[in-house]
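Structural overview for review
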Amino acid sequence: MSIPPGPTSVSNRLLSVLPVEEYRRLVAHGENVQLPVGTVLYEPNQPIRNVYFMLDGIASIVTVMKDGDSIEVLIIGREGMVGLAALESASQTVPNLAFMQIAGHGIKFAAAIIRDEFKLGGSLQLQLLRYFQFGFVQMSQNAACNRLHGLEERMGRWLLMVQDRLNSSSFQITHEFLAQMLGTRRSSVTLAAGVLQRAGLIRYHRGEMQILDREELQNAACECYATIKDAWDLFMERPETVRTAH
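The written sequence of each chain sets the order in which its residues are numbered from 1. With pLDDT at 70 or above as the cut-off, local features in this predicted model cover only qualifying residues; side-chain atom pairs require 80 or more to be listed or tallied, and sums for whole chains, interfaces and linings still use all residues. The basis for the side-chain values is all heavy atoms of the structure; hydrogens and waters are excluded.

Let us now look at the pattern of salt bridges. Whenever a carboxyl oxygen of Asp or Glu lies within 4 Å of a side-chain nitrogen of Lys or Arg, that contact is scored as a salt bridge. All told, the structure shown has five salt bridges when counted by the stated rule. Residue Glu-79 pairs with Arg-165 through a salt bridge whose shortest N-O separation is 3.4 Å. Linking Glu-79 in the loop between strand S4 (70-76) and strand S5 (81-82) with Arg-165 in helix H5 (residues 151-166), this pair joins segments that are 86 residues apart in sequence. The burial state of Glu-79 is the same as that of Arg-165; both residues are buried. In this structure, the salt-bridge partner of Glu-176 is Arg-186, at a minimum N-O distance of 2.8 Å. You can see Glu-176 sitting in helix H6 (residues 175-182) and its partner Arg-186 sitting in helix H7 (residues 186-198), a full ten residues away along the chain. Take Glu-176: its relative accessible area is 46%, and that puts it in the partly exposed class. A helix here means a DSSP run of H or I that spans at least four residues, while a strand means a run of E at least two residues long, and both kinds are numbered starting from the N terminus. Buried residues are those whose accessible area, probed at 1.4 Å on protein chains only, stays under 20% of the maximum for their type, while exposed residues exceed 50% and partly exposed ones sit between those limits.

Here is the structure:
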């Protein structure tokens, strides 16, 4: 799959709002790659050599404990880039693991390319700073949610966040992945999903999740979803100054 020639035809939010000249200069160094489920995008405590501007699918950033338990701290879809820490230096590391939770595609760059572009102070720098602010809202709200809210509410929030990024009401996900994302046991996820399914909000069968009633699922989710969605909508707005390709 080739990279779109102009910013307005690319699905990634960060790239889609760049001026034409900046976009073309940047993507000349990129590679459109397929990202199957489970693909590791960077390892904990290892320098980040490549970054990924997501086109579709979902990447998950998780914190892994010494005993092997893990919990998700951030999801990244078509709005963002995986590997923000690489902007600081070639040796910068983070204690998190990044991997593909739902299969998709992304535009892969050597981290050095994006680091050099960021230092130029152009549109990409501005958009990445805005994206960092949005990511901070998501991470801080997730932290509060995991501490204060019940599993069914948290699952509702998570499913709605995934739907926003995929722009689809159905996707493939296993109970094992859901348990890892929500920091709980598989059996607990099965029970919570069963409650939502009996209420007619979702359908889950053989790894396929389908959201049947988004409005009622929003009512069942905790207040954290509305906070994150407001930040998402603000970030996803297209600047009026974006120039189109000719």
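That covers the picture; the talk isn't over yet.
When you line up the elements, Trp-232 lands in helix H9 (residues 223-236). Given a relative accessible area of 6%, Trp-232 falls into the buried group. It is 21 Å that separates the C-alpha atoms of Trp-232 and Ala-85, two residues lying 147 residues apart in sequence. Those residues within four positions of Trp-232 in sequence are excluded, and the remaining contacts are Arg-78, Glu-79, Phe-134, Asp-164 and Arg-165. The criterion used for residue contact is that any of the two residues' heavy atoms lie within 4.5 Å.

Another point: the packing of H5 against H7. Between N-to-C directions, angles cover 0 to 180 degrees, with each direction set by a line fitted to C-alpha atoms, over the stretch in contact for helices. Taken N-terminus to C-terminus, the directions of H5 and H7 make an angle of 75 degrees; their axes are 9 Å apart at the nearest point. By the angle between their directions, the pair H5 and H7 is classed as roughly perpendicular. Touching Leu-151, Glu-152, Met-155 and Leu-159 of H5 are Ser-188, Val-189, Ala-192, Ala-193, Val-195 and Leu-196, all from H7. Residues that form the contact of H5 with H7 fall into these classes: eight nonpolar, one polar and one charged. Any angle that is under 35 degrees is reported as roughly parallel, and any over 145 degrees as roughly antiparallel; angles of 65 to 115 degrees are reported as roughly perpendicular and all others as oblique. Polarity classes work like this: nonpolar for Ala, Val, Leu, Ile, Met, Phe, Trp, Tyr, Cys and Pro, charged for Asp, Glu, Lys and Arg, and polar for all others, with Gly in that last group.

Geometry of aromatic contacts follows a simple scheme: Phe, Tyr and Trp rings, the Trp one being its six-membered ring, pair when their centres are within 6.5 Å, and the pair is stacked under 30 degrees between planes, edge-to-face over 60, tilted otherwise. Enumeration over the complete set of coordinates arrives at six aromatic pairs. What links up through ring pairs into an aromatic cluster is the set Tyr-131, Phe-134, Trp-232 and Phe-235.

It is worth spelling out helix H3 (residues 111-119) at this point. Of all the positions in H3, only Ala-111, Ile-114, Arg-115, Glu-117 and Phe-118 are classed as buried. Seen end-on, H3 carries its buried residues on one side only, within an arc spanning 165 degrees. Against the buried residues of H3 lie helix H2 (20-27), strand S3 (50-64), S5, strand S6 (96-110) and helix H4 (123-148). Count one or two residues on from H3 and you reach Gly-121, which has phi positive near 75 degrees. It is the directions from the helix axis to the C-beta atoms whose arc is reported.

A few words now on the sheet that holds strand S9 (residues 208-211). Consider a sheet: its strands pair through backbone hydrogen bonds, and that pairing is either parallel or antiparallel. The strand order across the open sheet built from three strands is S7-S9-S8, with neighbouring strands paired in antiparallel fashion. The sheet terminates laterally at strand S7 (170-172) and strand S8 (202-205), the two strands that pair on one side only. Direction aside, the axes of adjacent strands within the sheet are offset by 15 degrees on average. DSSP calls a pair of strands paired once it identifies at least 2 bridges connecting them. By the bridge criterion, four bridges tie S8 to S9 in an arrangement that is antiparallel. Pairing of His-205 across the sheet is with Glu-208, part of S9.

To find the voids left in a structure, one rolls a probe of water-molecule size over its atoms. Definitions used throughout: a 1 Å grid over protein atoms alone; a cavity as a set of points that fits a 1.4 Å probe which cannot get out; a pocket as an open set with protein on both sides within 12 Å along at least five of seven lines; a lining residue as one with an atom within 4 Å of a point. Grid points are joined across faces, edges and corners, and a volume is the space filled by probe spheres set on the points. Under the counting rule described, the total for this entry stands at one cavity of 30 Å³ or more. By volume, the largest cavity amounts to about 40 Å³. Lining of the largest cavity is provided by Glu-72, Asn-142, Asn-146, Arg-157, Trp-158, Met-161 and Met-181. For the lining of the largest cavity, the secondary-structure elements that each account for two or more residues are H4 and H5. Looking at which element gives the most residues to the lining of the largest cavity, the answer is H5, with three residues. Its residues assigned to classes, the lining of the largest cavity shows three nonpolar, two polar and two charged.

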